[in-house]
Amino acid sequence: MDPITPVKQLAKFGFSLAASQFGEHNRSSSEAKLWVLMYHRILPKNDSRFALEEPGMVVTPEVFAMHLREAKKLFELVSLSDWLAKADSGQALPAKACAITFDDGWLDNYQYALPILQEQQVPATLFAVADKVGTPFRFWPNIVSELIAVKSVALQKHPLLAEAAKQIELPYSVERVAGCIAQLKAHTEDEVFAALESIDWSTELVTTAPALMDWHQLTALQHSGLVEIGSHTCTHRRLNRGLDASLVEYEISTSKAKLEKHLGKNIDLFCFPNGDYNSDVLQRVEQTYQAAVTTRGGINRVGNLHRHELLRIALHNDASDTPTKFRARLSGWR
Ligand SMILES: [Zn+2]
C-alpha cells in the first residue's frame, strides 16, 4: 500500500475540518451573502442509473436530505428569484441565504428530490432544457458512458471517439470515463452528436426509460409551490463555441418562449450549459433574463452582485457525504 495515502487522507481531512469550521458560512457578517448550491441528479446508490453516471453529477437522496438539514442550521433557505427581487427593491435580506438549484431537468429530481423538498419545505430552482422535456433525449456523456459499459466496438468507427474506444479494452471505471468526457468537450455538441449518429449508437444500446422529466412532471414541480423553473437553453449546446448568431438566439430566447408557453409563467432565470459563455452570449442573456447562474464556484455578495454571472457551489456525493465535508464545500475555499 502506498504509505503516502494515509498522510494525504489526513491532510485532506484536516483541510476539510478547517474549511468546515472557519469558512464564511460560520462567520457573522454585515454584508448579505447568497450561497447557490448546484445539483444535477439525485439517485440512490442501488439505482442502475447511478452506476454509469459521472461522480460529479450525483448525490443520493439521503445525502441531499442531510444537506438541507445542515443548510437550515446555517442559512435562511430562499428561492433565487425572491432573494434577487428583495435585493433589487432594497428590502432587508438575511445575512446568510442559500438557494438550491438543479440543472438539466432529470426525471430523478421529480422522483427523489421533490419529496425531500416538500418534506423539509425548501424552495428550489430547476433549469430545464426546453426542446428535450418529455423526449427520450440522452445527453452525449451518458451515451458515451453506456457505449463503453457495453464495450461497443462501434466506438472504433469514428476518430473523434478514439479515446472512448480505448476504454472498451479495460474494466469500466467511472473516473476514466469522466476523463474521456472531459476530452470530448473540446468538440462542439453538434460534432459529438454527429460522430455518435455516424456509428448508429442507438442500435448499440438497449432502450431505457426517459432520463428527463416530461411537461406533466415539470408542471407538478411548479405546482408544488416550492420549485421555480428557469431555462437551460433549448438543446444544451455550450454557448462559447463559435455558434452562429441565430443558434445563440434560439438557445437563449426561444427556450424562454417555449418554457413560458408550456408552463404559463414568466421564465426569468437562465443557466449556462457547462457554465460556458462568451461576452456576446452574456450580453444577450442580460437582455433576456433577470439573472443567470454559472458553474464558477464561490459566494455571492449583495454589494458586488453580478446577477448574470452568479457563482455556485457544486455538490456531489463523494465530496459532501458527511456534515463536515458538506460544510467544507460551503466555505468556497475550493
Ligand atoms: Zn446542464
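As the structure is a prediction and not an experimental result, all values here were calculated from the model.

Student: Now, about the overall build of the protein chain: what can you tell me, with residues and values included?
Tutor: Of the regular secondary structure elements, the protein chain holds 13 helices and 11 strands. In summary, the protein chain has a C-alpha radius of gyration of 20 Å against a globular reference of 20 Å for 334 residues, a match within 12%. Considering only C-alpha atoms, the protein chain reaches an extent of 60 × 55 × 35 Å along its principal axes. Taken across its 334 residues, the protein chain has 53% of its residues classed as buried. Counting only contacts in the protein chain whose residues sit at least 6 apart along the sequence, the fraction spanning at least 24 positions is 70%. Charge-centre separation for the protein chain: the mean point of 35 positive side chains lies 5 Å from the mean point of 39 negative side chains.

Student: Describe in detail helix α10 (residues 215-223), supporting the description with residues and values.
Tutor: Inspection of α10 places W215, Q217, L218, L221 and Q222 among the buried residues, and these make up the whole buried set. The arc that holds every buried residue of α10, seen down its axis, measures 165°, which confines them to one face. Exposed positions of α10 whose direction lies more than 90 degrees from the buried face are H216 and H223. For α10, the secondary structure elements touched by its buried residues are α5 (107-120), β6 (124-128), β7 (227-231) and α11 (245-263). Its side-chain oxygen at 3.1 Å from the backbone nitrogen of H216, D214 defines the N-terminal cap of α10. Count one or two residues on from α10 and you reach G225, which has phi positive near 80°.

Student: Report on the pattern of salt bridges, specifying residues and quantitative values.
Tutor: Enumeration over the complete set of coordinates arrives at 18 salt bridges. With a shortest N-O distance of 2.8 Å, K73 and E70 are connected by a salt bridge. Taken together, the residues span about one helical turn, with K73 and E70 both in helix α3 (residues 61-74) at a distance of three residues. You can call K73 exposed: its relative accessible area is 57%. Residue E70 is classed as buried on the basis of its relative accessible area of 8%. Within this structure, R41, E53 and D108 form a network of salt bridges that share partners.

Student: Outline the environment of K72, listing residues and values.
Tutor: Turning to its location among the elements, K72 is positioned in helix α3. On the basis of relative accessibility, which here comes to 40%, the residue K72 falls in the partly exposed class. As a C-alpha pair, K72 and V122 span 50 residues in sequence and 9.2 Å in three-dimensional space. Every residue in contact with K72, bar those within four places of it in the chain, is listed here: L77, Q120 and V122.

Student: I'd like a description of the side chain of T125, backed by residues and values.
Tutor: Relative to the helices and strands, T125 resides in strand β6. Among all residues touching T125, those that are not within four sequence positions of it are L80, I100, T101, F102, E228, G230 and L269.

Student: I'd like a description of the coordination of the zinc ion, backed by residues and values.
Tutor: With distances of 2.1 to 2.2 Å, the protein atoms coordinating the zinc ion are D104 (OD), H232 (NE2) and H236 (NE2). Spacing between the donor residues of the zinc ion along their common chain follows D-x127-H-x3-H. Here D104, found in strand β5 (residues 96-104), pairs with H232, found in the loop between β7 and α11; they are 128 residues apart in sequence, far enough to count as distant. On the basis of relative accessible area, D104 is assigned to the buried category, the value being 5%. The buried category is assigned to H232, whose relative accessible area is 2%.

Student: So what's going on with unusual backbone geometry? Which residues, and what values?
Tutor: Notably, D104 is not glycine yet its phi reads approximately 95°, a positive angle. Even without being a glycine, K151 presents a positive backbone phi close to 55°. Following the sequence through the fold, K151 ends up in the loop between α6 (140-149) and α7 (162-167). For K151, a relative accessible area of 39% corresponds to the partly exposed category.

Student: I'd like a description of the pairing of strand β9 (residues 291-297), backed by residues and values.
Tutor: With three bridges joining them, strand β8 (residues 269-271) and β9 adopt parallel strand pairing. Within the sheet, the bridge partner assigned to L269 lies in β9 and is A291. For the crossover that starts at β8, traverses helix α12 (residues 279-288) and ends in the parallel β9, the hand is right-handed. Pairing of β9 with strand β11 (residues 310-314), which is carried by two bridges, proceeds in the parallel orientation. Opposite G297, over in β11, you have R312 as the bridge partner.

Student: Got a sec to walk through the nonpolar core? Specific residues and values, please.
Tutor: In this structure, Y39, F64, I100 and F102 are the most contacted members of the largest nonpolar core, which totals 56 residues. A total of seven residues in this core trace back to one element, the largest contributor, which is α3. When near neighbours in sequence (up to four residues on either side) are disregarded, F102 contacts Y39, H40, I42, F64, N109, A113, L117, A124, T125, L126 and F127. Grouped together as the second largest cluster of nonpolar side chains are 22 residues, I143, L161, A164 and I199 included.

Definitions and cut-offs
Throughout, a residue's number is its position along its own chain's written sequence, starting from 1. Local features in a predicted model are, by the rule used here, given only for residues with pLDDT of at least 70; side-chain atom pairs are given and counted only at 80 or more, and totals for whole chains, interfaces and linings are based on all residues. To obtain the side-chain values, all non-hydrogen atoms of the structure were used and water was disregarded. Helix and strand assignments come from DSSP, with helices taken as H or I runs of at least 4 residues and strands as E runs of at least 2, each series counted from the N terminus. For the radius of gyration, the atoms used are the C-alpha atoms, and the globule rule reads 2.2 Å times the number of residues raised to 0.38. Type-normalised accessible area, obtained with a 1.4 Å probe on protein chains alone, sets the label of each residue: buried when under 20%, exposed when over 50%, and partly exposed for intermediate values. In this analysis, two residues are considered to be in contact whenever any of their non-hydrogen atoms come within 4.5 Å of each other. When charges are counted, Lys and Arg contribute as positive and Asp and Glu as negative, whereas His and the chain ends are disregarded. For charged residues, the charge sits on one atom: NZ in Lys, CZ in Arg, CG in Asp, CD in Glu. Think of it as the arc spanned by the lines of direction from the helix axis to the C-beta atoms. Pairing of N or O atoms within 3.5 Å defines a polar contact, subject to two protein rules: one partner must be a possible hydrogen donor and the other a possible acceptor, and residues neighboring in sequence count only if both atoms are side-chain atoms. Basic side-chain nitrogens of Lys or Arg form a salt bridge, by our definition, when they fall within 4 Å of a carboxyl oxygen of Asp or Glu. In this description, a donor is an N, O or S atom within 2.8 Å of the metal centre, a cutoff extended to 3.2 Å for sodium, potassium and calcium. Water is not part of the atom list, which can make sites seem incomplete. Any two strands with at least two DSSP-identified bridges between them are counted as paired. Look down the strands so they point away from you; if the path from the first strand over the helix to the second goes clockwise, the crossover is right-handed. Here, nonpolar core means buried Ala, Val, Leu, Ile, Met, Phe, Trp, Tyr and Cys residues that are tied together by side-chain atoms lying within 4.5 Å of each other.

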